[in-house]
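# Inside the fold
What follows is each chain in one-letter form.
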Amino acid sequence: MTLTRIVGLALFAAFAAGTAQAADPWVIGIIAPTTGPLTTVGLRQLSAVQWWEQDVNSKGGIRGRRVQIVHCNDEGSPEKAVTCARDLIDKKSLLILNSSVTGPIRATMQLVTQGPVMITPSPNVMPEASTFVFQTSPSDLALTQAIADYLKENHADSLAIIAATDASGEVGVASAAAIFPKSGIKYDLARIDLRANDASVQLANVAKAGVPLIYSNYSGAGAAAVVKSYSNLGLTQPLLISYANISDSFINVIKSDMPPRLLGTGLTAVSPELITDPEERKRIEYFVTSYEAWKKEKMDNLSLQGLGLADTAAAILTQVDDPSNAVAVRDFLEKTPIKSIATFRYSRESHIGLGAKDISILEYKDGRWVKAAPLK
Amino acid sequence: MNPLTQALISGAMSGAVYALLATGLVIAYHTSRVVNLAHGESYAVAGMVTAAISGVGFSLLLAIPAGIAAAMLFSFLVERVLLRPRRDWPVSGLILVTLAAAFLIRGVLGAAMGVDGFSFPRLFVGPPLRFAGGALPLQGLGLVAIGLAAALAVTLFLQRTQLGRQLRAAAENPDAAELMGIDVDRIRTLAFALAGGLGGLGAVLLVPLVSVDFESGLGMTLHGFIAAALAGMSPSLAIVAGFGLGLAEALATTYFGALAQDPIVFLLLIAVALWQSRLIRFGGTARA
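Residues numbered from 1 in each chain as written. Chains lettered and ligands numbered in written order. Predicted model: local features only at pLDDT ≥ 70, side-chain atom pairs only at ≥ 80, totals over all residues. Heavy atoms only, no water.

### Observations concerning the pairing of strand 4 (residues 117-120) of chain A
Residues and elements named next belong to chain A. Neither face of strand 4 is open: one carries V117 and I119, the other M118 and T120, and all of them are buried. In this sheet, strand 4 lies alongside strand 3 (residues 95-98) in parallel orientation, the contact comprising three bridges. Residue pairing in the sheet places I96 in a bridge with M118 of strand 4. Handedness of the crossover joining strand 3 and strand 4 through helix 4 (residues 102-109): right-handed. With three bridges joining them, strand 4 and strand 5 (residues 133-135) adopt parallel strand pairing. Opposite T120, over in strand 5, you have Q135 as the bridge partner. (Buried < 20%, exposed > 50% of the residue type's maximum accessible area, 1.4 Å probe, protein only. Helix = DSSP H or I, 4+ residues; strand = E, 2+ residues; numbered from the N terminus. Pairing = 2+ DSSP bridges. Right-handed = clockwise from strand over helix to strand, strands pointing away.)

Structure representation (structure tokens):
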């Protein structure tokens, strides 16, 4: 090999290394259960985030760098979620998006006390404003308040609640105790094990004559047991399902046992025609068209939650000079409203991005979720 | 609604499936001495195959036999491909082989059909029967009646038919049975296929009332095993134990809450095990 050739190769190698360094991707970690009973929750959110990854990269990335999503499957288990978080931190993730459920998310929060910033859509996680954790949904208290308001609007003063025995169920029970008595609403509560395939005993205990609404706080595909048992008992009251179950996959499981009226607490954006902010509406309409063409599945409440995570990450990567600086990212989020499925507004006092105004009581009609009709 | 009535109805429906699973588990155990930890997968296979076939528009009358046949084929393959060539292995090793088969088929079901839950329409359609403050769906009535009849038919088959007697003989002493001209391999294969069919029958009757996913099998194995253990691995007691387990679960949930269900069921299992060991020590017959 001649000297000229060696020098040429060395120069090429140096140039290639420099180019690679300049083009290092923005690494964003995501924890999402893609096996186990909470799969429906994790898969839909992960798909929306992966949609964003290909969408943004097809337009040249952000500030000249591609976005790389690194997924870790925690199977809905706190132990595995902690391993996932450690792994994603080791991989230098700038942000951790956490699409798991209450127990696993809480377990991982202890690992980010010094950053990186963790963003989660779980309404059951209400992070302290002193932490690096931000939440992109209304709180469970706000969701419960929306149910109480709907009952009061309809002059109803009682309901039956089915809650799971997991950490999400505990939050639901605490929210019910905090909201309903204060609103003058009486409730009967029964708990169901996550592995149970029958809820008729629980429903028989609480769905008494005259109770105008049954609320299943249970999240995940296992909640189908509640809907199926409701049908087995021939109940007729409207059945209201949880925020995490406003999804096509859940509807597919229960479609042969659809209650006469199926309601749900969801983001107003699930029904785009209810959005009044033109920028938010445009964003959602673009997402609906592009996502459905890319994934060949309809968007739902869970995919919107994934979009909220993606838009928050996009805003950080676009507007924060050094996204690897967790303090700078936290300051940015606390000061800057972010337009997405709604406008996320954080502050030094609150790391919960949405509120009661962003929630609607929805009803499943003719294959889609629309604003719920009055309770009869 | 009357919570006690509803608990009895709910317990009978779950109990019918546990009885079918326990009977199948006991039959396979008696012919091979192996506790088949992949037994509950026959439930998942039948449920998901039936859901897949009915989901693409075929009649349930085609989908249900296909689902049960798939469950029988799966159990047959566990015995024929995994257990028979390793008959010299210690029983503990063979049990681990069946556990591996369970995880393998879970992976196959998950990869083939996805991780979402599935269900399919009911075979028995109509408003639920209402009595004594409870409601029994027609599908639930069918489940209890068919489940009970099938489990009883298998028990009678074992006791009253020549093939059943051969099956029991092969279990008691395979070498002596072979000397008597009984094809022990064939008998074992038949027992596993029959066991798979019972698990599959449980699925096609219960899944329309609940749902099934690729991970449903292990829970069913656990329930079937608890019922079989409560029955002391006796085929004739498996039915009683299955229904007893279903009722105990439902009553525990009704009167002590969902969190108390597992502790009460396992306490019951420990109590029965202690009682059985007392029988053995103080002159009763040792159970299998």
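### Observations regarding the confidence of the model for chain A
Per-residue pLDDT for chain A has a mean of 89; in total, 93% of the residues score no lower than 70. A low-confidence stretch, residues 14-21 of chain A (pLDDT under 50), is modelled with zero contacts involving residues beyond four sequence positions or located in other chains. (pLDDT = per-residue confidence, 0-100. Contact = heavy atoms within 4.5 Å.)

### Concerning the pattern of salt bridges
Tallied over the entire structure, the rule returns 20 salt bridges over all chains. The salt bridge partner of B:R87 is B:D185, with a shortest N-O separation of 2.6 Å. Remark: B:D185 occurs in helix 8 (residues 184-206) and B:R87 occurs in the loop between helix 3 (60-83) and helix 4 (91-113); sequence separation between them is 98 residues. Through salt bridges with shared partners, a single network forms among A:R44, A:E297 and A:D300. (Salt bridge = Lys/Arg side-chain N within 4 Å of Asp/Glu carboxyl O.)

### Focus: the interface of chain A and chain B
Each partner contributes to the interface: chain A provides 31 residues, whereas chain B provides 32 residues. Across the interface of chain A and chain B, roughly 2400 Å² is buried in total on both sides, 54% from carbon and sulfur atoms. It is A:N197, A:V201 and A:N232 that lose the most area in chain A upon contact with chain B, and together they represent 24% of the buried surface on that side. Summed over the shared surface of chain A and chain B, the number is one salt bridge. (Buried area = accessible area lost by both parts, 1.4 Å probe.)

### Some words on empty space enclosed by the protein
One water molecule sets the probe size; rolling that probe over the atoms shows where empty space is left. Per the counting criterion, the structure on display carries four cavities of 30 Å³ or more. Forming the boundary of the largest cavity are 21 residues, of which A:S122, A:P123, A:N124, A:S219 and A:A244 lie nearest the centre. For the lining of the largest cavity, the per-class residue count stands at eight nonpolar, twelve polar and one charged. Residue contributions to the lining of the largest cavity reach at least three from each of two domains, namely domain 1 (12-137 + 277-357) and domain 2 (140-271 + 360-371) of chain A. Roughly 50 Å³ of internal volume is contained in the second largest cavity. Along its surface, the second largest cavity is lined by A:N197, A:D198, A:N232, B:S10, B:M13, B:S14, B:L206, B:L209 and B:V210. Considering each element in turn, the lining of the second largest cavity owes the most residues, three residues, to helix 1 (residues 3-32) of chain B. (1 Å grid on protein atoms, 1.4 Å probe; cavity = no way out; pocket = protein on both sides within 12 Å on 5 of 7 lines; lining within 4 Å. Points joined across faces, edges and corners; volume = space filled by probe spheres on them. Nonpolar A, V, L, I, M, F, W, Y, C, P; charged D, E, K, R; others polar. Domains from an automatic or database assignment.)

### Digging into the sheet that holds strand 7 (residues 186-192) of chain A
Residues and elements named next belong to chain A. Reading across from one edge, 7-6-8-9-10-13-14 is the order of the seven strands in this open sheet, with mixed pairing throughout. In the strand order of this sheet, the two ends are held by strand 7 and strand 14 (368-371), each with one partner. Along the sheet, successive strands turn relative to each other by an average axial angle of 30°, direction set aside. Of the strand pairs in this sheet, strand 6 (residues 158-164) and strand 7 are connected by seven bridges, and their pairing is parallel. Note that in strand 7 the partner of I162 across the bridge is A190. (Axes fitted to C-alpha atoms, helices over the stretch in contact; angles between N-to-C directions.)

### Describing the packing of aromatic side chains
As enumerated under the stated definition, the model contains eight aromatic pairs over all chains in all. Arranged with centres 6.4 Å apart and planes meeting at 25°, the rings of A:F344 and A:Y346 form a pair that is stacked. Between the NZ or CZ atom of A:R330 and the centre of the ring of A:F132, over which it lies, the distance is 4.3 Å. Across the ring face of B:W89, the terminal group of B:R86 is positioned such that the distance to the ring centre comes to 5.7 Å. (Phe/Tyr/Trp six-rings, centres within 6.5 Å; stacked < 30°, edge-to-face > 60°. Lys NZ or Arg CZ within 6 Å of the ring centre and 35° of its normal.)

### Topic: unusual backbone geometry
Geometrically, the link from A:G115 to A:P116 is a cis peptide bond, its omega value of 0° lying close to zero. The topology assignment puts A:P116 in the loop between helix 4 and strand 4. At A:D366, a position not held by glycine, the phi torsion is positive, near 50°. By secondary structure assignment, the location of A:D366 is in the loop between strand 13 (359-365) and strand 14. For B:M233, which is not glycine, the phi torsion reads 55° and is therefore positive.

### Remarks on the domain arrangement of chain A
Reports often express the size of an interface as the amount of accessible area lost when the parts come together. Residues and elements named next belong to chain A. Domain boundaries assigned for chain A yield domain 1 (12-137 + 277-357) and domain 2 (140-271 + 360-371). Of the roughly 2000 Å² buried where domain 1 meets domain 2, counting both sides, 59% is carbon and sulfur surface. Put simply, domain 1 and domain 2 have zero salt bridges between them. Where domain 1 touches domain 2, the interface holds eight residue pairs in polar contact (both at pLDDT 80 or more). (Polar contact = N/O pair within 3.5 Å; in protein donor to acceptor, adjacent residues only side chain to side chain.)

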